[in-house]
Structure formats: structure tokens, C-alpha cells
Amino acid sequence: MRQHNFNSGPSVLPQQVLQEAAKAIIDFNGIGLSLLEVGHRTPHFVAVIEEAKQLVKELMQLNDEYEVLFLHGGATTQFMQIPMNLLDTNATAAYIDNGIWGNKAVKEASLFGNINVIASSADKKHTYINQNFDIPANAAYLHITSNNTVEGTQWHQFPTTDVPLIADMSSDIFSRQIDFKKFSLIYAGAQKNMGAAGVNLVVVKKSILGKIERKIPAIMDYRNHIEAGSLLNTPPVFAIYVAMLTLRWIKQEGGLEIMELNAIAKATLLYDTIDSLPLFNCRIDKASRSNMNAVFFIDNEDLQNKFLEECKANGMVGVKGYRTVGGIRVSMYNALAMESVIAITDLMKNFAAKHS
Ligand SMILES: *Cc1c(COP(=O)(O)O)cnc(C)c1O
């Protein structure tokens, strides 16, 4: 039986994508070769990466001022690659720290230039998104994390600024309609909401590049990847293929408008259930709650462990909170069906009735 997959990442993918990817591993488009056996510069694979790029631009409604790249190394590599390309040694970049991933981005960036953390939610254990902050006009860029996968918060309104805005969208990319033109660089590891682990999507406005003095290693320089069409070296072909299939699936389902409606419907059911049951406790500020990752607690730890065991016994995986936060985390990415949220909220109601 297929499990209800609440994993935070790698995470649930559409069944149709898994089936098509499986077929392509055996015989890609009927060419008598596996997808894993064709050269990345052949027309067979170039068609895949070009379609993936086209779909990204279409879903984000971006024009040719932007370039879509598929790079190695996951989102973590971007923590370093962004300042390496955009932050001169004597310049200052602004960061907002809303959790563990944003914090890691700050640490890496501080190896390259000056970092000004203009706002942090650490004072309240990252249970909210900062609303009030000043963005220095001379900042090289402002970096935010659109959805905090571990803590369960999400930006629902983005800052307006003349400074280039950069967002780590790893865990909510393609889950909602956004004015993507507000951003100068968007990046996301694929394994949360877009595909298989091993590839990282970077969407960059070309005009922000080439403005610093640092010498950048060839493989780290965005301009080289743009020039080579993401084929500077051998790209993670399988992960790019799965991302392309997922992007096709998103479009076929009705695009970001439908992804957003589904995400809101699932999150509303889950948070309403939490709020209606005194046994469960969500500490996140209501206006900052994530529609992708809901983090909540049963304050009695024995009962919480019992609940986690019941989830497992009922075919629900990935529900345990992140090791530094604890509690319960339910991830509701695009491919998670409403029926999985219904299943876990039914279990929560039954559990609360038995143990309250
Ligand atoms: C998972 C995650 C990362 C790290 O991604 P990797 O691909 O493992 O490097 C970074 N940022 C956010 C918001 C994430 O959820």
C-alpha cells in the first residue's frame, strides 16, 4: 500500500511523474536507450532541459531578462555561490534570519563580505516572520527564505525594495502565485516541491551579474552557466528530467493558481483541526503560518510519542519534527493529496477524543 507521505524532503512526488521517470530509465522516448545512457549534449537531453527552462519561465511569467539554470549541489551551494557572484569583499549584504536555513546562508555569506542581519525572529524561537525592518539603500542585495521548512513559517507578503531581492524558495517554489519579477534571484533545491534530489533551480536576472571585482572559479560563475545553457559540465540529468516532468504536471493541473488553491485548502483543514483540539498546540504566529510545513506539538511528550507511533501504524510517514525543534511536522507539498490531510486530521480527532 502507498504511504501517506508527509516527508519534508526528499518528499512526495506525483504518481504520474514517478511512472514516467521509471519508464524513461528503461527506455527513453522509445529510442532504445535509457535516459541515463544518453549524452547530455544530444538533442534527446537538450530537448528535456530546454522544455524545463521554458516551463519555469512560463509558470513564473518571466521574460528574457531572466535566465533559468539547473545547477549541482543543492540549495546549500547557493549559500556560497550567491555572495561569491554578488558581494564584493568590502561591500555589505542584508539578510533576514528566520530560521536554520537562513542562518546557514548568513554564515556562508560572511566568508565573502560584510553581512548585516537586518531582522531576526530568533527572539521568539523563529515562530514569526519579521514585519518591521529597514533595508539599507547601499546593500548589495537582500536575502530572505520564503518558507522556513524546519520552523513552519512562511512569508505571505514580500518586501518592496530597490535593492536586489534574493529568495531561497526551496520549500515553497511553485506552490503559489507570486510576482516573481520582484526578485533578482530565486533558488530552490528540487527535492522539496519540484523533483528528485541532486539539482538546484536558479532563476537570475542577468543585469545583476558581472558587477564585482572578485575572480570567480569557472564552475561557480553564473555567467558561465548562462553562456553554456546549464551544460557547462555534465548536469544531473535524471534530476533535471524529473523536475521537467513535475513542471509539466503542475502546468497540466492548472498551474500555480491551482497549486495555491490546493495548498490553502490543505493547510486550512490542518490548522483548523489543530486550533479546534486543545491537545494540539501550534506556536506559530497565525499570520506567519506556512502552508507547506505545519509544525505543532502535543505538550505531553509521552502522548506526543504515542501519536507519532499511531501515525506510523496508520501508514503515515515523515511526521516527526526536525531534530532541533521537536514536535510534529506535517509537510504538504504540491503532490500531497487532500486525502492524506483528511487521513491525518481524522487520526488527530480520534486521538484527541481518546486522550483529552
Ligand atoms: C532543504 C533546504 C535547504 C537545503 O537544501 P539542500 O538541497 O539539501 O542543500 C535550504 N533551504 C531551505 C529553505 C530548505 O528547505
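Residues numbered from 1 in each chain as written. Predicted model: local features only at pLDDT ≥ 70, side-chain atom pairs only at ≥ 80, totals over all residues. Heavy atoms only, no water.

Caption draft 1: Representation of the site of the ligand in the model. Residues in close proximity to the ligand total 13 residues, the closest being T76, T149, D168, Q191 and K192. Here T76 contributes a side-chain N or O atom positioned 2.5 Å from an oxygen atom of the ligand. For the ligand, the protein covers 88% of the area, taking 380 Å² as the surface of the free molecule. (Near = heavy atom within 4 Å. Polar contact = N/O pair within 3.5 Å; in protein donor to acceptor, adjacent residues only side chain to side chain. Areas by Shrake-Rupley, 256 points an atom, 1.4 Å probe, with all protein chains shown as cover.)

Caption draft 2: Region of the structure containing helix α7 (residues 255–276). Over its 22 residues, α7 runs 32 Å from end to end, which matches the ideal 32 Å to within 8%, given 1.5 Å per residue. Of the residues making up α7, those classed as buried are G255, L256, M259, A263, K266, A267, L270, Y271, T273 and I274. Looking down the long axis of α7, one finds its buried residues gathered within 155 degrees of arc, a one-sided arrangement. Contact partners of the buried residues in α7: α2 (43–60), α6 (237–253), β11 (280–281), β12 (293–298), β14 (328–331) and α9 (338–355). (Helix = DSSP H or I, 4+ residues; strand = E, 2+ residues; numbered from the N terminus. Expected span 1.5 Å × (residues − 1). Buried < 20%, exposed > 50% of the residue type's maximum accessible area, 1.4 Å probe, protein only. Arc of directions from axis to C-beta. Contact = heavy atoms within 4.5 Å.)

Caption draft 3: Quick peek at the side chain of N200. For N200, the position within the fold is in strand β10 (residues 200–205). At 3.1 Å, the side chain of N200 and the backbone oxygen of G74 are in polar contact. Excluding its chain neighbours within four sequence positions, the residues that come into contact with N200 are L69, F70, L71, H72, G74, A75, Q78, A188 and G189.

Caption draft 4: Here's a closer look at the packing of α7 against α9. Viewed as axis vectors pointing N to C, α7 and α9 meet at an angle of 5 degrees, and their least axial separation amounts to 10 Å. Taken together, the axes of α7 and α9 are roughly parallel relative to one another. Mapping the contact onto sequence places A265, K266, L269, L270, T273 and I274 in α7 and M338, V341, I342, I344, T345, M348 and K349 in α9. When grouped by side-chain class, the residues that make up the contact of α7 with α9 number 9 nonpolar, 2 polar and 2 charged. (Axes fitted to C-alpha atoms, helices over the stretch in contact; angles between N-to-C directions. Parallel < 35°, antiparallel > 145°, perpendicular 65-115°, else oblique. Nonpolar A, V, L, I, M, F, W, Y, C, P; charged D, E, K, R; others polar.)

Caption draft 5: Just the domain arrangement of the protein, in detail. By the assigned domains, the protein splits into domain 1 (15–253) and domain 2 (255–355). Here domain 1 packs against domain 2, burying approximately 2,200 Å² in sum over the two surfaces, 56% of which is carbon and sulfur. Where domain 1 meets domain 2, there are 0 salt bridges. Where domain 1 packs against domain 2, one counts 14 residue pairs in polar contact (both at pLDDT 80 or more). (Domains from an automatic or database assignment. Buried area = accessible area lost by both parts, 1.4 Å probe. Salt bridge = Lys/Arg side-chain N within 4 Å of Asp/Glu carboxyl O.)

Caption draft 6: Broad picture of the environment of E213. Topologically, E213 is positioned in the loop between β10 and α5 (222–227). When its relative accessible area of 74% is taken as the criterion, E213 is described as exposed. Through-space distance from the C-alpha of E213 to that of L87 is 9.1 Å; in sequence the pair is 126 residues apart.

Caption draft 7: Inspection of the nonpolar core at higher detail. Residues V56, M60, F70, I173, F174, L201 and V203 are the most contacted members of the largest nonpolar core, which totals 59 residues. The element best represented in this core is α6, accounting for 10 residues. Once residues within four sequence positions are removed from consideration, I173 is found in contact with M60, I186, A188, N193, M194, L201 and N334. Counting residues in each nonpolar core, the second largest holds 32 residues, with F280, L308, M316 and I328 among its members. (Core = buried A, V, L, I, M, F, W, Y, C linked by side-chain atoms within 4.5 Å.)

Caption draft 8: Representation of the packing of aromatic side chains. Per the stated rule, a full pass over the model turns up 9 aromatic pairs. Ring geometry for F79 versus W101: centroids 6.4 Å apart, planes at 45 degrees, classification tilted. Taken together, the residues F79 in helix α3 (residues 74–86) and W101 in helix α4 (residues 100–109) connect sequence positions 22 residues apart. Note on F79 and Y187: the rings are 6.4 Å apart at their centroids and 80 degrees apart in plane angle, and the pair reads as edge-to-face. One end of the pair, F79, is in helix α3; the other, Y187, is in strand β9 (residues 185–189), with 108 residues separating them in the sequence. In this structure Y187 comes out as buried when scored by relative accessible area, which is 1%. Counting every residue linked through ring pairs, the aromatic cluster contains F280, F296, F307 and F351. Positioned above the aromatic ring of Y128, the side-chain terminus of K124 is 5.4 Å from the ring centre. Stacked on the ring of F297, the Lys or Arg R283 has its end atom at 3.7 Å from the ring centre. (Phe/Tyr/Trp six-rings, centres within 6.5 Å; stacked < 30°, edge-to-face > 60°. Lys NZ or Arg CZ within 6 Å of the ring centre and 35° of its normal.)

Caption draft 9: The arrangement of the sheet that holds β11 in detail. Reading across the sheet, the 3 strands line up as β11-β12-β14 and stay open at both edges, with antiparallel pairing between neighbours. Edge strands, defined here as strands with exactly one partner in the open sheet, are β11 and β14. One ladder, built from 4 bridges, connects β12 with β14; its direction is antiparallel. Looking at the pairing, F296 lines up with I328 of β14. Helix α8 (residues 301–313) contacts β11, β12 and β14 of the sheet and is inclined by roughly 130 degrees relative to β12. (Pairing = 2+ DSSP bridges.)

Caption draft 10: Representation of α9. Over its 18 residues, α9 extends 26 Å from the first C-alpha to the last, a length consistent with the 26 Å expected when each residue adds 1.5 Å. When α9 is considered as a whole, its buried residues turn out to be S340, V341, A343, I344, T345, L347, M348, F351 and A352.

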